[in-house]
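# A look at the structure
Chain by chain, the residues run as shown.
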Amino acid sequence: MRKTIVLRAVFVLTIMIIVSLFLLSGMAHAQLNNLSGRQTTSLNGKWNYIIDPYETGYYSFHAEVYDQHNVKATGAYYNNYHAKNKSELVEYDFDKSPTMQIPGDWNTQAAELKYYEGTIWFKRSFDYQLPKGKRLFLHFGAVNYKADVYLNGVKLGVHEGGFTPFQYEVTGIVQPKANYLILKVDNKRTKEGVPTLNTDWWNYGGITRDVTLVEEPSMLIEDYSIGLKKGTNNIISCRIKINNPAPATITVEIPELKINWSYGLLANGIAAFEIPADNISYWSPASPKLYKVIIRTNAQTITDSIGFRTIETRGPDILLNGNPVFLRGISIHEEYKGRRAHSAADAAALLGWAKELGCNYVRLAHYPHNEHMLKLADKMGLLVWEEIPVYWTIDFKNKSTYDNAAAQLTAMVNRDKNRAAVIIWSVANETPLSDNRNTFLKNLVTLTRTLDSTRLVSAALLTRQENGQGIVDDKIGEDLDIVAFNQYRGWYGGDLATAPEAVWKVPYNKPVVVSEFGGDAKQGLHGTKEERWTEEYQEYLYRQNLQMIDKMPNIRGISPWILTDFRSPRRVLPGIQDGFNRKGLISTEGKRKKAFFVLQSYYKSKQRKYPD
Ligand code: GCU
């Protein structure tokens, strides 16, 4: 037995040396963009799990962290250890533990996990024959909230942030048979987290998006951004990053535009060049034209579907391809039928409802959604506002909190920078005013523009009332391209009958977007328009708010709160909320409320005035 443990220790130590060599060589820092164009193997399916509220699989009884000190510990769950004989003590066994469907939140897959906040371990076994000279990456669409990732007992890393992709190179660790991939997932909320302790949505824990193995050549196309150069509509700017570069030629081909452009690769692996392009059919909601783009080296070919369009502001106007546009939107949480949404089918259902409403725009709240939503918005012609969960009372004076927010912002922009549908990056939602908050947000705005100068930057601000007037004078508005704000006239105060006469002051000559308004209604509950929680109240609230909004200065878009009812631990009114926020225009069961048709008819009239 001792011999086995020694051999295991030698194996793990050898692997760790290989991994560190990879890290030193810089080969392993690849962050692969666009998996759909690559050679992938899905690890979705049934995974075993162990609920571990005391983190027994991570700490010894004296709080010694196993994976920092004692790699041989048989009690460390990441070792997937099995007793070698009848007398050996081992108190866990993944293979005899229950399973759940991955991707998927844990809260809705087992009754005892509905409110669970803590650690759950997951294990998936797989075989993989990696051809000689090839490299293998392990990619996660998202894991909420913190993931410690191990493969065959080797710690690959720790990722924090519940809504952005991450990956590790596992070349040299993966073996042909019986690989065991183990994650420690912890969804506990923390004061310094992003989001922080308090949110108005369910803290869905787990491996909530796709898990994928990606096989790559030794010299690989790691990342690329391809789109119209800022300020032009006939020059396509390309930036391609090659990992482990050798002298090579990069080719970008866009057959429909008769483009076939080759470029010598620089020693640093970057190829940045501009291609003149005529006769482009510009992407828009009315005509969401996507071009097949082929990126080639002598080792690899990747294809993507990319739309070309311009987006800018001029005074109070938002110009899409040079034409003024009104954003007929709706806010959407990543939730479908009472669970965390994650699939292409979920995306089709949610965005299909948005289209039925007459939307040309969606606000994906309050965090980056799964990539299926963005790729489908590209295809369906839905403009997109994406945001990071810098929500409410974030710890604005904490540097690690800022670094976390910045990392999530960077990952969001990196993932979706080739999606024509995305026109707005948002850095915050309803954050309380303070000097620390202003500094935090200004830095995020600057970072956003550094990452992507071609899109607009915004944030969902709060307003204040003064002498009966609505005032939007949040200082951060000076740094934003679009002044967006949430207002809840008729729900969190303010009279509905006089709403159409309300006066609003916005001291910026910029486009204004009402990023939230709305009110709760229990679907099927009917009464008079004065009775809160009825469909009639919500219907009246929409009618009155829409009249008020139409008179706001510089109004150029709205994204009412919200497409569907969604779970929230903050909403506990028995018989009405029962753990759901009921501001949806559609119930969790998919039933439309009366206010749905008020907004739909408003958008029909808007589209006549502002055709897409
Ligand atoms: C806030 C917040 C939402 C919340 C909504 C509500 O504006 O941005 O996340 O769900 O109002 O109170 O229903």
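Model, not experiment: these values are computed from the prediction.

### Quick notes on the pattern of salt bridges
Tallied over the entire structure, the rule returns 47 salt bridges. Of the charged contacts in the structure, one is a salt bridge between K188 and D186, with a shortest N-O distance of 2.8 Å. Since its relative accessible area comes to 12%, D186 is described here as buried. In this structure, R363 engages E387 in a salt bridge whose closest nitrogen and oxygen atoms are separated by 2.7 Å. Here the residue R363 occupies a position in strand 25 (residues 361–364), and E387 occupies one in strand 26 (residues 383–387), the gap between them amounting to 24 residues. Like R363, the residue E387 is buried in the burial classification. Sharing partners across several salt bridges, the network here consists of E55, K184, D186 and K188.

### Remarks on helix 7 (residues 535–550)
An ideal rise of 1.5 Å per residue puts 22 Å on 16 residues; helix 7 measures up with 23 Å between its terminal C-alpha atoms. Most of helix 7 sits out of view: 13 of its 16 residues are buried.

### As for the sheet that holds strand 6 (residues 146–151)
Sheets are built from strands paired through backbone hydrogen bonds, the pairs being either parallel or antiparallel. On the basis of which strands lie adjacent, the open sheet formed by 6 strands has the order 3-2-4-9-6-7 and antiparallel pairing. Only two strands of the sheet have a single neighbouring strand rather than two, namely strand 3 (99–102) and strand 7 (154–160). Strand-to-strand, the axes of this sheet are offset by a mean angle of 30°, without reference to chain direction. With 4 bridges connecting them, strand 2 (residues 45–51) and strand 4 (residues 119–126) associate as antiparallel partners. From the neighbouring strand, I50 faces strand 4, where its bridge partner is W121.

### Focus on unusual backbone geometry
Across the junction of I102 and P103, the peptide omega takes the value 0°, indicating a cis bond. The peptide bond linking A365 to H366 adopts the cis configuration, its omega dihedral lying at -20°. Within the secondary structure, H366 sits in the loop between strand 25 and helix 4 (371–380). Here A63, not a glycine, exhibits a phi torsion of approximately 65°, which is positive. One can find A63 in the loop between strand 2 and helix 2 (66–69).

### With respect to the site of the ligand
Near the ligand lie 14 residues; those nearest to it are D200, H366, E430, Y492 and E516. Here an oxygen atom of the ligand and a side-chain polar atom of N429 are 2.9 Å apart. Taken by itself the ligand offers 320 Å² of open surface, and the protein chains cover 97% of this.

### Section: the packing of aromatic side chains
Tallied over the entire structure, the rule returns 31 aromatic pairs. An aromatic cluster is built from Y77, Y78, Y92, F94, W121 and Y150, whose rings are joined through pairwise contacts. Residue placement shows R532 over the ring face of W491; its charged tip is 4.3 Å from the ring centre.

### Let's talk about the sheet that holds strand 30 (residues 469–471)
Strand order in this open sheet of 3 strands is 29-30-32, and the pairing throughout is mixed. The sheet terminates laterally at strand 29 (464–466) and strand 32 (503–505), the two strands that pair on one side only. For this sheet, the mean inter-axis angle between neighbouring strands, taken without regard to orientation, is 35°. Here strand 29 pairs with strand 30 via 3 bridges, running antiparallel. Bridged to Q465 within strand 30 is G470.

### Side note on the side chain of R135
Counting through the fold element by element, R135 comes out in strand 5 (residues 134–140). Residue class for R135 comes out buried when judged on its relative accessible area of 2%. Polar side-chain contacts of R135 include one of 2.8 Å to the side chain of E169. Engagement of the side chain of R135 in a polar contact is seen with the backbone oxygen of S218, the distance being 2.7 Å.

### Topic: the environment of N198
Counting through the fold element by element, N198 comes out in the loop between strand 9 (179–186) and strand 10 (211–217). In this structure the C-alpha to C-alpha distance between N198 and Y391, which are 193 residues apart in sequence, comes to 8.6 Å. Ignoring sequence-local partners within four residues, the contact set of N198 consists of Y391, W392 and R570.

### Focus on the side chain of H159
You can see H159 is positioned in strand 7. Using a relative accessible area of 15% as the deciding quantity, one classes H159 as buried. In contact with H159, not counting residues within four places along its chain, are Y145, K146, A147, T164, P165, F166 and Y168.

### Thoughts on the packing of helix 3 (residues 344–357) against helix 4
Where helix 3 contacts helix 4, the two axes come as close as 9 Å, and the packing angle between them is 45°. Classed by the angle they form, the pair helix 3 and helix 4 counts as oblique. For the element pair helix 3 and helix 4, the recorded crossing hand is right-handed. Facing A344, A347, A348, L350, L351, G352 and K355 of helix 3, the residues of helix 4 in contact are H372, M373, L376, A377 and M380. Within the contact of helix 3 with helix 4, the residues separate by chemical class into 9 nonpolar, 2 polar and 1 charged.

### A few points about the confidence of the model for the chain
Averaged over the chain, the pLDDT score is 94; the fraction of residues at 70 or greater is 95%. In the predicted structure, residues 18–28 sits below a pLDDT of 50 and forms 16 contacts with residues beyond four places in sequence or in another chain.

### Structural notes on the pairing of strand 31 (residues 483–486)
Residues of strand 31 alternate between two faces, with V483 and F485 on one and A484 and N486 on the opposite face, all of them buried. Judged from the 4 bridges that link them, strand 31 and strand 33 (residues 512–516) form a sheet pairing that is parallel. Along strand 33, the bridge assignment pairs V483 with V512.

Cut-offs and rules
- Residues numbered from 1 in each chain as written.
- Predicted model: local features only at pLDDT ≥ 70, side-chain atom pairs only at ≥ 80, totals over all residues.
- Heavy atoms only, no water.
- Salt bridge = Lys/Arg side-chain N within 4 Å of Asp/Glu carboxyl O.
- Buried < 20%, exposed > 50% of the residue type's maximum accessible area, 1.4 Å probe, protein only.
- Helix = DSSP H or I, 4+ residues; strand = E, 2+ residues; numbered from the N terminus.
- Expected span 1.5 Å × (residues − 1).
- Pairing = 2+ DSSP bridges.
- Axes fitted to C-alpha atoms, helices over the stretch in contact; angles between N-to-C directions.
- Near = heavy atom within 4 Å.
- Polar contact = N/O pair within 3.5 Å; in protein donor to acceptor, adjacent residues only side chain to side chain.
- Areas by Shrake-Rupley, 256 points an atom, 1.4 Å probe, with all protein chains shown as cover.
- Phe/Tyr/Trp six-rings, centres within 6.5 Å; stacked < 30°, edge-to-face > 60°.
- Lys NZ or Arg CZ within 6 Å of the ring centre and 35° of its normal.
- Contact = heavy atoms within 4.5 Å.
- Parallel < 35°, antiparallel > 145°, perpendicular 65-115°, else oblique.
- Left-handed = near helix turned anticlockwise from the far one by under 90°.
- Nonpolar A, V, L, I, M, F, W, Y, C, P; charged D, E, K, R; others polar.
- pLDDT = per-residue confidence, 0-100.

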